[in-house]
Amino acid sequence: MATFLYLLSRAAFRRRRLVAVIWIALLACAGVGASMASSNVTSSFSLPGTEAQKAVGLVETRFPGSSPDGAVAQIVLKAPAPERLSDAAHRAAVRDLVEELRSDPEQVAAVTDPYEAKNVSPNGSTAFVSVTYNKPPGSLPDATLKSLDDAATDARESGLTVEVGGTALQAAPEPGIGEVIGVVIAAVVLVITLGSLVAAGLPLLTAIFGVGTGIATITALASTFDLGSTTSTLAMMIGLAVGIDYALFIVSRYRAELAEGHDREEAIGRAVGTAGSAVVFAGLTVVIALVGLAVVDVPMLTKMGFAAAGTVVIAVLIALTAIPALLGFAGRRVSPRTAGRAAAKPSGGVRWARFVLRRPATVLIVGLLGLGVVAIPAASLQVGLPDDGSQPVSTTQRKAYDLLSDGFGPGYNGPLVVVVDGDREAASATRATLQGIEGVASVSPTTVNAAGNTAMITVVPADRPSSAATERLVHSIRDATDDQVLVTGTTAMNVDFSQRMNDALLPYLTLVVGLAFLLLMVVFRSVLVPLKAALGFLLSVVAALGAVVAVFQWGWLGSLLGVEQTGPIMSMMPIFMIGVVFGLAMDYEVFLVSRMRESYVAGKRPGTAVVTGFQHGARVVTAAAVIMIAVFSGFIGSSEPMVKMIGFGLAIAVFVDAFVVRMAIVPAVLALLGHKAWWLPRWLDRLLPDVDVEGETLRARLRSAEAIPPAGSDERRPLSRV
């Protein structure tokens, strides 16, 4: 592989104009596709094989036009004290609101009149109007949302307090200043690390270029493949972080090769032949982790994983081809200013590596104890999906949630829909059973379809939708009824989603860690190094989950991060953290340990190899980690709770993995293992393919090529002509 990448990068360097034209053309094509794509993308959410999804299919078949998976808006109205909604003026205003909402039959499936449906609080001060739309959440046209807002505004003019909640208001997270700040911090770190504005600008430019290409492609294909708005956010988050890192590693190795006296074309060939191999395998681990999300069998999560993996692939290809081309355009402006300064005084990375080698047991114990303390809250992890109660208190969704809780009870924010596949007698018996189950606040009258063979019953829980008590209620209803009774609704769907995540956790972990273990065995020609890498990753994930629980579930320092409502951790967070963090953690493992392996293969002692790895890689890995932390931290300012939680969790995970696991625990373990760290059984060595990640074969061929002059000439031949 190293030889192939050596030749590829030299070709890209020589034909840099053609390479630049190709990448610009790809971006242009993606941009044109994105501009021509429909702005009204239907983003559906389904859980194949679950009871809640089966109930949705049954309702769609037996109750034509009911839109069970359609977006729902709840307009909550409250009269000023001591007035009541039964007053003539307020009653007229509510009737006008209902009629205005019904004026868009193309988008609106049903609107409930609060007086007819008895959706008025016992004290008469609060009521709510439910609107069901024909399209799923996140896909309503802007005109429909504006009509909803206009109707609420008109009702406010009558003196009522009017707030709007529900899934109809789900929208794509808006970019905030935090993302911009993250990119600015990344730029500052690059300038400090590389000491050149031009050299620092290349990783940033190529990362933004790659993310732009990926996001434009996702936008162009969103309608075809039913890609939600969160897909683009995840792709941008991952693509920007790895894009900067991969380019940084190539540029840094290129500058090191220049410092050794190689000409520019030879330097880029050697840089990509060695560091590029690490980039390829690091990218593969990220792709494996993201594509592996398919085993969860949640279409939305599978699409998110594939889209983000595609962005990572683009980042790898850009690092291998566009970076060499741009370095050709940059000329000598990216060359290191001094070649001998590093040799005069040991770097911070070297001093730290020597410290760890002197006290490996102490460093290992302190690192493990520290991570253990941070991971303690993870033992109290409670998973679920956020509802409007987790929204900022300034939003209309949160205000509607609170008004509904105060007027009717928290369970009205997440009612359950019980579907009975039977006649009226079966429905009546089911309703009687439901009334006797603990945790049920109220049970609605039975609604039977025209054929009389299916019924729907609305059950209001006594607790809020995301609570553990409501989850137990869903299971209690299913346990107390037979197979002809199905529970669905947004709350039940969330419960089934959480269960699907829990069931898939172990298979997913086994698949991802197993494949990556095999991949790292090929890279490092060792059994213990990949094992250490996998165990270190697990430490990083558990510690990061502990920090997430402490902030978002327990509320520690939550006010500093804009967490206004604590609650269960998003159910996809553990499995998502495993996937993404594993890929990112293996980046640092490959980049740092590959230099150690390279030194060890060259004949250095194990301790010296560790020091050499830190000498060449610590500064760059540190910069890469700080950049990733900055990029992920930028998403903490998002108004979307899920994006905020993901940004915080990934930032903590990168910090822990880079600075505690890879910089402290890894060298300590390698120091304690010595030569055993690089042990590989001979029979296994024969079975594993030799991909030459360290570039040893490449260097041997280069030495051979330089030593043999061509016939009739005293000049040394480059590898590309051998």
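Residues numbered from 1 in each chain as written. Predicted model: local features only at pLDDT ≥ 70, side-chain atom pairs only at ≥ 80, totals over all residues. Heavy atoms only, no water.

Is there a simple way to think about the packing of helix H2 (residues 16-36) against helix H7 (residues 197-225) in this case?
Two numbers describe how H2 lies on H7: the axes approach to 7 Å, and their chain directions differ by 35°. Here the hand of the crossing between H2 and H7 comes out left-handed. Only Phe209, Gly212, Thr213, Ala216, Thr217, Thr219 and Ala220 of H7 make contact with H2, whose side of the interface consists of Trp23, Ile24, Leu27, Ala30, Gly31, Gly33 and Ala34. For the contact of H2 with H7, the per-class residue count stands at eight nonpolar, six polar and no charged. (Axes fitted to C-alpha atoms, helices over the stretch in contact; angles between N-to-C directions. Helix = DSSP H or I, 4+ residues; strand = E, 2+ residues; numbered from the N terminus. Left-handed = near helix turned anticlockwise from the far one by under 90°. Contact = heavy atoms within 4.5 Å. Nonpolar A, V, L, I, M, F, W, Y, C, P; charged D, E, K, R; others polar.)

Even after reading the chapter, I still don't get unusual backbone geometry, so can you show me in this structure?
Peptide bonds are mostly trans, and most non-glycine residues show a negative phi. Ala81 connects to Pro82 through a cis peptide bond whose omega is 0°. Here Pro82 lies in the loop between strand E1 (72-78) and helix H4 (88-101). One non-glycine residue, Lys118, lies in positive phi territory at about 60°. Relative to the elements of secondary structure, Lys118 occurs in the loop between strand E2 (108-111) and strand E3 (126-133). Backbone geometry places Arg525, a non-glycine residue, at a positive phi of 50°.

Sorry if this is basic, but what is going on with the packing of helix H9 (residues 264-291) against helix H19 (residues 573-601) here?
When two helices pack together, their arrangement is given by the angle between their axes and by how far apart the axes lie. Look at H9 against H19: their axes get within 8 Å of each other, and the N-to-C directions meet at 165°. The orientation of H9 relative to H19 falls into the category roughly antiparallel. In the crossing of H9 with H19, the sense of the turn from one axis to the other is right-handed. Of the residues in H19, those touching H9 at Ala275, Ala278, Val279, Ala282, Gly283, Thr285, Val286, Ala289 and Leu290 are Gly579, Val580, Gly583, Leu584, Met586, Asp587, Val590, Phe591 and Ser594. (Parallel < 35°, antiparallel > 145°, perpendicular 65-115°, else oblique.)

Teacher, can you tell me more about the pattern of salt bridges here?
A pair can form between side chains of opposite charge whenever their charged atoms are brought close. On inspection of all chains with the given rule, the structure shows 18 salt bridges. A salt bridge links Glu51 to Arg478, with the shortest nitrogen-to-oxygen separation between them at 3.0 Å. Highlighted residues: Glu51 in helix H3 (residues 51-62) and Arg478 in helix H16 (residues 468-480), separated in sequence by 427 residues. Given a relative accessible area of 17%, Arg478 falls into the buried group. Residues Arg478 and Asp496 are paired through a salt bridge, measuring 2.7 Å at the closest nitrogen-oxygen approach. With a gap of 18 residues between them, Arg478 in helix H16 and Asp496 in helix H17 (residues 490-524) connect regions that are remote in the sequence. Sharing partners across several salt bridges, the network here consists of Arg10, Arg14, Glu265, Glu266 and Arg270. (Salt bridge = Lys/Arg side-chain N within 4 Å of Asp/Glu carboxyl O. Buried < 20%, exposed > 50% of the residue type's maximum accessible area, 1.4 Å probe, protein only.)

Hey, could you run me through the pairing of strand E6 (residues 416-420) in this one?
Of all the five residues making up E6, four are buried; the element is thus mostly covered by neighbouring parts of the structure. Direction of pairing for E6 relative to strand E9 (residues 455-461): antiparallel, over a ladder of five bridges. When the bridges of E9 are listed, Val417 appears paired with Thr458. In this structure, E6 lies alongside strand E10 (residues 485-488), joined through four bridges in antiparallel fashion. Within E10, the residue paired with Val418 across the bridge is Val487. (Pairing = 2+ DSSP bridges.)

Explain the packing of aromatic side chains here, please?
Any aromatic ring pair is given by two values, namely how distant the centres are and how the planes are angled relative to each other. Applying the stated rule across the entire model yields nine aromatic pairs. Note on Phe128 and Phe408: the rings are 5.2 Å apart at their centroids and 85° apart in plane angle, and the pair reads as edge-to-face. Of this pair, Phe128 sits in strand E3 while Phe408 sits in helix H14 (residues 396-408), and the two are 280 residues apart along the sequence. Here Phe128 and Tyr412 contribute two aromatic rings whose centre-to-centre distance is 6.0 Å and whose plane-to-plane angle is 70°, an arrangement assigned as edge-to-face. One end of the pair, Phe128, is in strand E3; the other, Tyr412, is in the loop between H14 and E6, with 284 residues separating them in the sequence. Under the relative-accessibility criterion, Tyr412 is labelled partly exposed at 21%. By the ring-pair criterion, three or more aromatic residues cluster together here, those being Phe128, Phe408 and Tyr412. The positively charged end of Arg16 is found above the aromatic ring belonging to Phe329, 6.0 Å away from the centroid. (Phe/Tyr/Trp six-rings, centres within 6.5 Å; stacked < 30°, edge-to-face > 60°. Lys NZ or Arg CZ within 6 Å of the ring centre and 35° of its normal.)

None of this, on its own, says anything about what the molecule does.
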